[in-house]
Amino acid sequence: MEDYQIFADKMKELGDIKYALSVLNWDQEVNMPEKGAPFRAGQMATLTGIYHKTYTKEELGTLLSKLSQNKSLDFEQKRNVEAVKKDYDNYKKYSLEFVTEMSHSVSEAFQAWHKAKNEDDFSIYAPKLEKIVQLKREECELLGYEGHPYNALLDQFEEGARVKDIDPLFSDVKKQLVDFVKDLSEAPQVEDDFMYKKYDKDKQWQVTIELLKQMGYDFNAGRQDISTHPFTTSFNPRDVRITTRINEHNLSEVLWSSIHEGGHALYEQGLKSKYYGLPQSEAVSLGIHESQSRLWENNVGRSSAYWQHNFKKLSTAFPENLKNVNASDFYKAMNKVQSSLIRTNSDEITYHFHILIRYEIEKALINKEIEVNDLPQIWNEKYKQYLNIDVPSDAKGVLQDIHWSHGSIGYFPTYSLGSFYAAQFFAQAQKDIPQLEEKISTGQLKPLLDWLRENIHQYGRTYKAHELCKRITGEELDFKYFMDYADRKYKSIYFPND
Ligand code: CO
């Protein structure tokens, strides 16, 4: 058999193991009873070990070296080989002991985080998180890095991203957004009390199903469930699952969770199933993944055009709660800018301060400038400093996010990158698709989905994030698109007479 075919078959086998692990993980977070946790941790550790052993076999390395020299491969085949070789070389740096220990620690930390959050007791989580941080510091040394050790972790989520490039970006964010938020806070505030009435759970659920269908999410290739922290997971492009969360006293939560995860899921459903197991059927980076969720959540889902069409669904489902509210009131309410405690409930502007805080904490933890026991205090100080908020409890403070319990350190900055990519992509889509806004205001979302499929989804990892951005928009990622978007939108909401 031809070398490339042998390679593709091996990647398919690895894909089977990887996606089986994803099923176990999905089940752990959505369905699993508490008492099953220790066995599940063992099952996942075993499977992770098998994945690692299979991935790091010498014969795959030999095959990759041979294929790297093969001049007859086409562009896409070459990219697949190159991307896997990078992953392979990185995997070779981990010992089996390290991988198994990490998997165990992550399962334990996840359970501890859950309990600590429910009981508002950071000390339940602290020793497990310490273990994770210690392993992540080791991981930086294993992988190697130039400059800041945190670069080694960043690179796993956003290939090529470096502290020296992201620091100035966040410093720009700080400079431009702090004053912007201050201006908005001095304007007359928008009315949003009706968002916090009691909204029936089942009806909320039903609205999200309708909105997801309208976006083009394929329910024959996916499903929605409930979990504490909404997420998207894919087992292949024909089985892409999302979760949402419902708060009976805050209508926003379910809307943003479902539309956001729906955006992630549309990306995964748009990857090419014929390349299953190969980089070409995988998302390019977390920043680009997040650009897809943010584009649907913010540029579409928080637009006036979108609610011109969809507000009727809400007022029909909740006639009592919304009887004195129209589409324009609703649009303004959902775009209220206000500092908040919880990242996932924050508006799209102050959101970036939440990310900034986590980014600063992670860098300092990895660089041994702070330790896990310092976290509650540092967290609370930074919330005061950047958001002018007093944190009332660790459950609503340092324990709010799942990420660190998953061992995901270096992940948060990709959220901000995602919003900036989204603004730049959407500006391009507005140029490429005639009357896009008018289409959105009549519920025609397919032209936008087609544009995303054509320009982004179909390529998987064929192009790197910055190459993709340049191909689509003709420029590198530029913060000005986000600032332009924010400026136009929020000035018209808060200063309609200027
Ligand atoms: Co997301």
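See the structure printed just above.
So, here's what we can say about the structure. All values reported here derive from a predicted model rather than from experimental measurement.

Right, let's talk about the overall build of the chain for a bit. Of regular secondary structure, the chain possesses 20 helices and three strands. By the compact-globule yardstick of 23 Å for 498 residues, the chain fits well, its C-alpha radius of gyration being 23 Å. Each principal axis of the C-alpha distribution contributes one length, and for the chain these read about 70 × 55 × 45 Å. In the chain, which comprises 498 residues, the share counted as buried stands at 58%. For the chain, contacts bridging at least 24 residues in sequence account for 74% of all contacts bridging at least 6. Across the chain, the 63 positively charged side chains and the 76 negatively charged ones have centroids separated by 3 Å.

Attention now moves to the coordination of the cobalt ion. At the metal site, the cobalt ion is ligated by His260 (NE2), His264 (NE2) and Glu290 (OE), and these contacts range over 2.1 to 2.3 Å. For the cobalt ion, the donor residues sit on a single chain with the sequence spacing H-x3-H-x25-E. With His260 and His264 both in helix H10 (residues 251-269) and four residues apart, this pair spans about one turn of that helix. For His260, a relative accessible area of 9% puts it in the buried group. Classification of His264 as buried rests on a relative accessible area of 9%.

A few words now on the sheet that holds strand S3 (residues 239-244). The strands that make up a sheet pair up through hydrogen bonds in the backbone, lying either parallel or antiparallel. Read across the sheet, three strands follow the order S1-S3-S2 without closing on themselves; strand pairing throughout is mixed. Both outer strands of the open sheet, strand S1 (224-226) and strand S2 (232-236), are each paired with one neighbouring strand and no more. In this sheet, adjacent strand axes meet at a mean angle of 25° when their direction is disregarded. Against the sheet, helix H9 (residues 201-215) contacts S1 and S3, and its axis sits at roughly 150° relative to S1. Sheet contacts for H10: S1, S2 and S3; angle to S3, the most-contacted strand, approximately 165°.

With that out of the way, let us pick up the pairing of S3. Regular strands have side chains that alternate between both faces of the sheet. With six of six residues buried, S3 lies mostly within the body of the structure. The alternating pattern of S3 places Asp239, Arg241 and Thr243 and Val240, Ile242 and Thr244 on opposite faces, both of which are buried. Pairing between S2 and S3: four bridges, direction antiparallel. Within the sheet, the bridge partner assigned to Ser234 lies in S3 and is Val240. Linking S2 to S3, which pair antiparallel, is a turn of two residues.

About the criteria used
- Residues numbered from 1 in each chain as written.
- Predicted model: local features only at pLDDT ≥ 70, side-chain atom pairs only at ≥ 80, totals over all residues.
- Heavy atoms only, no water.
- Helix = DSSP H or I, 4+ residues; strand = E, 2+ residues; numbered from the N terminus.
- Rg over C-alpha atoms; globule rule 2.2 N^0.38 Å.
- Buried < 20%, exposed > 50% of the residue type's maximum accessible area, 1.4 Å probe, protein only.
- Contact = heavy atoms within 4.5 Å.
- Lys, Arg positive; Asp, Glu negative; His and termini not counted.
- Charge placed at Lys NZ, Arg CZ, Asp CG, Glu CD.
- Donors = N, O, S within 2.8 Å, 3.2 Å for Na, K, Ca; no water.
- Pairing = 2+ DSSP bridges.
- Axes fitted to C-alpha atoms, helices over the stretch in contact; angles between N-to-C directions.

Function cannot be inferred from these measures alone, as they are strictly geometric.
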